[in-house]
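Each chain is listed here by its residues.
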Amino acid sequence: MLKSRNITYTDRIRRRIRLLYLLLISMVAYMALLVELGGGDSRIMTQLAQDVSRLIFFGGMIYVISRIVYNKKLLKNRMLLKEQMLTEQDERNRYLHDKSGGTVMDILLVFLMFMNFTASLFDMAAFYSVFAILVLAVVLKAAAFYYYGHFKAQEP
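In this report, we go over the structure that sits alongside the text. These figures come from a predicted structure and were not determined experimentally. (Residues numbered from 1 in each chain as written. Predicted model: local features only at pLDDT ≥ 70, side-chain atom pairs only at ≥ 80, totals over all residues. Heavy atoms only, no water.)

**What to know about the overall build of the protein chain**
Here's step 1: Check the secondary structure of the protein chain and you find six helices and zero strands.
Here's step 2: For the protein chain, the N- to C-terminal ordering of α and β elements is α-α-α-α-α-α.
Here's step 3: In terms of overall size, the protein chain is more extended than a compact globule, its C-alpha atoms giving a radius of gyration of 19 Å where 156 residues would be expected to give roughly 15 Å.
Here's step 4: Relative to all contacts within the protein chain whose residues are 6 or more apart in sequence, the contacts with residues 24 or more apart total 78%. (Helix = DSSP H or I, 4+ residues; strand = E, 2+ residues; numbered from the N terminus. Rg over C-alpha atoms; globule rule 2.2 N^0.38 Å. Contact = heavy atoms within 4.5 Å.)

**Some words on the packing of helix H1 (residues 9-36) against helix H5 (residues 102-122)**
Here's step 1: With their axes 11 Å apart at the nearest point, H1 and H5 run at an angle of 25° to one another. By the angle class used here, H1 and H5 are roughly parallel. Crossing handedness for the pair H1 and H5: right-handed. Together, Tyr-30, Met-31 and Leu-34 of H1 and Phe-114, Phe-117, Thr-118, Leu-121 and Phe-122 of H5 make up the contact between the two elements. (Axes fitted to C-alpha atoms, helices over the stretch in contact; angles between N-to-C directions. Parallel < 35°, antiparallel > 145°, perpendicular 65-115°, else oblique. Left-handed = near helix turned anticlockwise from the far one by under 90°.)

**Considering the packing of H1 against helix H3 (residues 78-89)**
Here's step 1: Where H1 meets H3, the closest approach of the two axes is 11 Å, and the angle between their N-to-C directions is 90°. In this view, H1 runs roughly perpendicular relative to H3, as classed from their interaxial angle. The residues of H3 that touch H1, namely those facing Tyr-9, Thr-10, Ile-13 and Arg-16, are Arg-78, Leu-81, Gln-84, Met-85 and Glu-88.
Here's step 2: Of the residues assigned to the contact of H1 with H3, the class counts are four nonpolar, two polar and three charged. (Nonpolar A, V, L, I, M, F, W, Y, C, P; charged D, E, K, R; others polar.)

**A word on a positive patch on the surface**
Here's step 1: On the surface, Arg-12, Arg-15, Arg-18 and Arg-94 cluster together to form a positively charged patch.
Here's step 2: Considering every element that reaches the positive patch, the biggest residue donor is H1, with three residues.
Here's step 3: Tracing the backbone through its elements, the reader meets Arg-94 in helix H4 (residues 91-99). (Patch = residues over 30% accessible without salt bridge, like charges linked within 9 Å, V, L, I, M, F, W, Y side chains within 5 Å. Areas by Shrake-Rupley, 256 points an atom, 1.4 Å probe, with all protein chains shown as cover. Salt bridge = Lys/Arg side-chain N within 4 Å of Asp/Glu carboxyl O. Lys, Arg positive; Asp, Glu negative; His and termini not counted. Charge placed at Lys NZ, Arg CZ, Asp CG, Glu CD.)

**What to know about the side chain of Lys-141**
Here's step 1: Mapped onto the elements, Lys-141 comes out in helix H6 (residues 124-154).
Here's step 2: On the accessibility criterion, Lys-141 (16% relative accessible area) is buried.
Here's step 3: Here the side chain of Lys-141 touches Ser-100 through a polar contact of 3.2 Å, side chain to side chain. (Buried < 20%, exposed > 50% of the residue type's maximum accessible area, 1.4 Å probe, protein only. Polar contact = N/O pair within 3.5 Å; in protein donor to acceptor, adjacent residues only side chain to side chain.)

**Focus: the pattern of salt bridges**
Here's step 1: Inspection of every chain in the model, using the stated rule, returns three salt bridges.
Here's step 2: When the shortest N-O distance is used, the salt bridge between Arg-14 and Asp-11 registers 3.3 Å. Of this pair, Arg-14 and Asp-11 both sit in helix H1, three residues apart, roughly one helical turn.
Here's step 3: For Arg-14, a relative accessible area of 40% gives the class partly exposed.
Here's step 4: Under the relative-accessibility criterion, Asp-11 is labelled partly exposed at 34%.
Here's step 5: A salt bridge links Glu-88 to Arg-16, with the nearest nitrogen and oxygen atoms 2.8 Å apart.

Okay, here's the thing in structure tokens:
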């Protein structure tokens, strides 16, 4: 049985930092692998596929790096750490996250971005199929988040 219940919040932040470093290294290795496999031929990629693949990869790298920096900043500042812990434990934030798909939807979005990035480098038909599903998933998550955050909050 996992002992994650007994881990302090500081240890959770340290674990997140290690996982984010692992993710960053994995992203660079995956990109190198795709280039070696011949992906990203500009003769077969549409402009949309090029733009989306760059946005997903480099935007993802920037996001991961920013999260690493933010989490390291939390470890240095106890006030920020406590404030972040309270924000994460806030019932309303947890309710909105759960009602908008929760962790399962978050994982689905990550895998759809991964599949979209890979498809954009090799096959345009697969890219457009996965891209449509990705856009639909993002719209559904945003709509559910807005609905439960705005309209459900006003009910008595």
